[in-house]
Amino acid sequence: MATEELQKGESGGGTGEEKMMENSISMLKLSPEEERLVIRDSVFAAESQCKEGDTFYLITQRWWQHWLQYVNQGMATTTNDGALHSSEFSELACSTAQKRPPAIDNSDLINDATSEDSSIGIELLDTLVEGRDYVLLPEDVWKQLFMWYGGGPVLPRKVINSGLSQTELGQLTVEVYLLRLQLIYMPKRERSIIRISKKETIRELHRRACDAFNLDMEQISIWDYYGHRKHDLMNNMDKTLDDANIQMGQDILVELLGNESDTFGGCLSSLQENGSTSALIEPSKSSMSIAGGLSASRGVFRGCSTEFSQNHYGASQVGEVDNSNGICGVVTRGAAGGLTGLLNLGNTCFMNSAIQCLVHTPEFARYFRDDYHPDINKNNPLGMVGELALAFGELLRKLWAPGRTPISPRPFKSKLARFAPQFSGYNQHDSQELLAFLLDGLHEDLNRVKHKPYIKSKDADGRLDEEVADEYWANHIARNDSIIVDVCQGQYKSTLICPICAKVSVTFDPFMYLSLPLQPTNHRSMTVMVFNSDGTAHPEPCTVTVPKQGRCRDLIQAISNACSIKNGEKLLLAEIRGHQVHRFLEDPLILLSTIKDDDHLAAYKIQKLVKDTLYLQLIHRREERESSSAKSAMISKPFGIPLVSPISRDRRVTGADIQEIICKMLSPLERVGTLTPSRLANNTSVSESGAASDPSEDATASGTGTKSAASDSMDEDPSDPKIAGTLELPLQLVTEKNEMIDLSKEKEKTISLSSSSASICVFLDWSDKLLEKYETQYLANSPEVFKYVPATKKARTEPLSLYTCLEAFLREEPLVPEDMWYCPQCKERRQASKKLDLWRLPEVLVIHLKRFSYSRSMKHKLETFVNFPIHDFDLTNYVAHKSSSKRQLYELYALSNHYGGMGSGHYTAHIKMQLLDENRWYSFDDSHISPINEEDVKSAAAYVLFYHRVKGEDVTVSNGEHSYVGHNNILTQK
């Protein structure tokens, strides 16, 4: 089946001697230009022939960009989104000479913690984003690259049809994340986790369940067990899991026929033993405090009998089958519409917060409560066949219907998970990311343009900005016309200036929201582990401050100043990955923005050698068990940070020379009072000269009365050949031909130094006895480039003005490497400076405060308090278009909040409403709604702000206060 093929493919990637020979022959035959043309042709073919069932392969974005720069050196490209396009092979790409990439390394896409479970195969990190972290390659492209470079792990994924129609090519997508389901077998309460495609059938799910628990298909029945409650009996064998609304991370109940009564016996204890009480108690938020002093936890325990009766005897009196959490708080039955909460289905507070902000946007509330069906665009290949708009409209109407208790958004969440699998399951997500998807998805589903015309943008050619901006906007509206564009989209002016020829390029681009930085700084802090290759000092971390858009030369200079580099020395910078040197950062022009916060860097102080040099890389290994089982085999695994020392290629080097170099590098790590190879060498040379034949006599003569530290270690005689032999470092050198040389036995053998490779690798196998002689803790941990530390209480409370954040967003800054601009005058890619100006403001201005900083495997949160205006948010001075004399004023009406940290955070919403002729702010905390004071709206939890324009003609200013005449921008009861 499809799922099994994917799992089998994930374990591939091994190569034999014949394939290695074929690889080396292929690499010798093809130049970078030839590689580029081969891959370009394969991409062209794949784009025209893609169909359901095809296989694509994930490849790390970092390696792909390295390869693109290698094959396009001296050229430039117009593509900057990181995804795979055939245009990348026909345009120019990079002006700096690039070295050939190493073997493909997809390890930064893998979740090591979960991948150790061999039953589900290799697991991807759940934070990956296409174009930022990985690229999807067609099968022929991957096979060609893999033949040339090797590496892995291999990560195949299938093309599926994600829409309703099985024939619409517009609905083809690569299923990067397979469904992760937990099978629960009753009555034994055994569990098994499986990965399966959402396009597999229920029959295949039955088969997989039988394999997991060693059962026959005739013996079992399978239930949709979402939220630990029976929903649907899954007995339609030809139905797909997607059609059955099965979601990422949910449970599937496997019942042994004839034992159904045992499933809910002892309801509470059963669920507790399974690690979940979600059917009985609302997800706990008791440790968090909500603005205004209200508790965030109001979930009330409900007895097992009540849960049982609702499961088996139908819906509650208000018709909500999922309303089983026993919610207390504000009762909305009989109250005005709009004060209706949403049940938390399990970590869905992010979704509830975003939905409440959107449904309480005045224009959306009116639009979706009227007849919007004529606007639904079912033929838009970029849309969701209108289903997302219909699901959202239905949910909005429920939330605005009077006399309703909190409702379950499960139908909407199921539809959302179908079109955006990243939001499926029970994991916490980002409310802003959901908002961005919803606004874009609703726009495409409601786009009134049924057939988008092709319009080529014209150059400004000296025309007035007003004329060019209107032309850009008209072109945009000709292709994009929806309620979302009417309400939320604005336009900004983007000015690019080439740093070489001063060429100025002006464009006018639409925006849906503004993402404002909370750290308006042009610098970053970087930590690097510094080593002395001459063995004179312990390694130590060094933290420096460098320009954010700086280059490697800036980092090297900063470290050199901090570490006092001597005359005749230089710093060799290297990126460490997998306890080995991944790459030497010798090019001083490498941009620091390509180095991520969770990367690991080492700097080696080495002597400047005039002659041609290569680097000796010492990689540490020790024996560990292959798995946690005590019976598993012992294997050698790398650990720690490698050491590096330069060697002249012109010098004759023997095994003994390499032993001596490595002993010198390790000498600072020797423990006091132990006998090590370097001390053995020193004592031997002293004994041979006859200077210290009797250590005790020397000690007595000196008046110390003690032996030397070296000979006192274990009362061993260093001149004894047996002792000397045991103290030889167990070193294994890897030759150019991939052969291993035991340097402890080949002392006098001349080592052939590679003329093409930048380094040679030597493995040091650390025994327990050898580990006792050295302080290897200095090598054990390599610090991250930047380790996030939560801000101090003082820093969190120091206010940052929203205007300051806006100015930082609009400020002129150089582009990051991924967005380098192709200058038509220079005909090369340039790191141009970019400046933004607001030009056309929308009716509703959505502002995202960038509290989260991303790395490949995690996010960090900034607790900065932003002082944002509730009234009179004045953008007049930030709008470049000065044709109107009216002030550009906005009023806050909603915001999405995020409380707590990444692991235990919680989302709420604050909404301003007019009920019974009174404007009031309300806190929407999932199903709980409570009034709050306006002064409690502001907090360090504010994450996404929703502002509504105050009509200029309706605003009069008197003593700094605004009154509203004839226009009410606060949402009222319809």
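Residues numbered from 1 in each chain as written. Predicted model: local features only at pLDDT ≥ 70, side-chain atom pairs only at ≥ 80, totals over all residues. Heavy atoms only, no water.

### As for the overall build of the protein chain
Link 1 in the chain: From N to C terminus, the protein chain includes 26 helices and 41 strands.
Link 2 in the chain: Across the 974 residues that make up the protein chain, the buried fraction comes to 50%.
Link 3 in the chain: Nonlocal contacts in the protein chain, meaning residues at least 24 apart in sequence, comprise 71% of its contacts between residues at least 6 apart.
Link 4 in the chain: Roughly 44100 Å² of accessible area belongs to the protein chain as shown, and the carbon and sulfur atoms make up 50% of that amount. (Helix = DSSP H or I, 4+ residues; strand = E, 2+ residues; numbered from the N terminus. Buried < 20%, exposed > 50% of the residue type's maximum accessible area, 1.4 Å probe, protein only. Contact = heavy atoms within 4.5 Å. Areas by Shrake-Rupley, 256 points an atom, 1.4 Å probe, with all protein chains shown as cover.)

### Quick notes on the sheet that holds strand E16 (residues 569-577)
Link 1 in the chain: One open sheet holds the 5 strands; their spatial order is E15-E14-E18-E16-E17, and the pairing between them is mixed. For this open sheet the edge positions go to strand E15 (540-547) and strand E17 (580-584), each flanked by a neighbour on one side alone. Ignoring strand direction, the axes of neighbouring strands in this sheet form an average angle of 45°.
Link 2 in the chain: In this sheet, strand E18 (residues 600-607) lies alongside strand E14 (residues 523-532) in parallel orientation, the contact comprising 4 bridges. Paired with Val-530 across the strands is Ala-603, a residue of E18.
Link 3 in the chain: On top of the sheet, helix H17 (residues 552-563) reaches E14, E15, E16 and E18; it is set at about 130° to E15, its chief contact. (Pairing = 2+ DSSP bridges. Axes fitted to C-alpha atoms, helices over the stretch in contact; angles between N-to-C directions.)

### Comments concerning helix H18 (residues 655-666)
Link 1 in the chain: With 12 residues, H18 extends 17 Å between its outermost C-alpha atoms, agreeing within 8% with the 16 Å of an ideal straight helix rising 1.5 Å per residue.
Link 2 in the chain: Of all 12 residues in H18, 9 are buried, a share of seventy percent or more.
Link 3 in the chain: Among the residues of H18, Gly-655, Asp-657, Ile-658, Gln-659, Ile-661, Ile-662, Cys-663, Met-665 and Leu-666 are the ones counted as buried. (Expected span 1.5 Å × (residues − 1).)

### Topic: the confidence of the model for the protein chain
Link 1 in the chain: In this model, the protein chain carries an average pLDDT of 75, and 72% of its residues clear a pLDDT of 70 or more.
Link 2 in the chain: Confidence scores differ between elements of the protein chain, with helix H9 (residues 304-312) showing the lowest mean pLDDT of 29 and helix H16 (residues 483-488) the highest of 96.
Link 3 in the chain: Low pLDDT, under 50, characterises residues 76-83; the predicted model gives this stretch 28 contacts beyond four residues in sequence or across chains.
Link 4 in the chain: Throughout residues 85-96 the model reports pLDDT below 50, and contacts reaching past four residues in sequence, or to other chains, amount to 52 contacts. (pLDDT = per-residue confidence, 0-100.)

### What about the side chain of Ser-515?
Link 1 in the chain: Relative to the helices and strands, Ser-515 resides in strand E13 (residues 514-517).
Link 2 in the chain: Among the polar contacts made by the side chain of Ser-515, one reaches the side chain of His-848 at a distance of 2.9 Å.
Link 3 in the chain: Aside from chain neighbours lying at most four places away, what touches Ser-515 is Gln-432, Phe-809, His-848 and Lys-850. (Polar contact = N/O pair within 3.5 Å; in protein donor to acceptor, adjacent residues only side chain to side chain.)

### Let's talk about the pattern of salt bridges
Link 1 in the chain: Taken as a whole and judged by the stated rule, the model has 36 salt bridges.
Link 2 in the chain: In this structure, Arg-410 and Asp-224 form a salt bridge, with 3.3 Å as the shortest nitrogen-oxygen distance. Here Arg-410 is found in helix H13 (residues 410-419), whereas its partner Asp-224 is found in strand E9 (residues 220-224), with 186 residues between them in sequence. Asp-224 matches Arg-410 in its accessibility class, with the two residues each being buried. (Salt bridge = Lys/Arg side-chain N within 4 Å of Asp/Glu carboxyl O.)

### Examining the packing of helix H10 (residues 349-359) against helix H12 (residues 387-400)
Link 1 in the chain: Viewed as axis vectors pointing N to C, H10 and H12 meet at an angle of 80°, and their least axial separation amounts to 11 Å. By the angle class used here, H10 and H12 are roughly perpendicular. Taking contact as the criterion, the partners of Ile-355, Gln-356, Leu-358 and Val-359 in H10 are, on H12, Phe-392, Leu-395, Leu-396, Leu-399 and Trp-400. (Parallel < 35°, antiparallel > 145°, perpendicular 65-115°, else oblique.)

### Some words on helix H14 (residues 431-445)
Link 1 in the chain: For H14, built from 15 residues, the straight-helix expectation of 21 Å at 1.5 Å per residue is met to within 8% by its first-to-last C-alpha distance of 21 Å.
Link 2 in the chain: Summarising burial for H14: 13 of the 15 residues are buried, a large majority.

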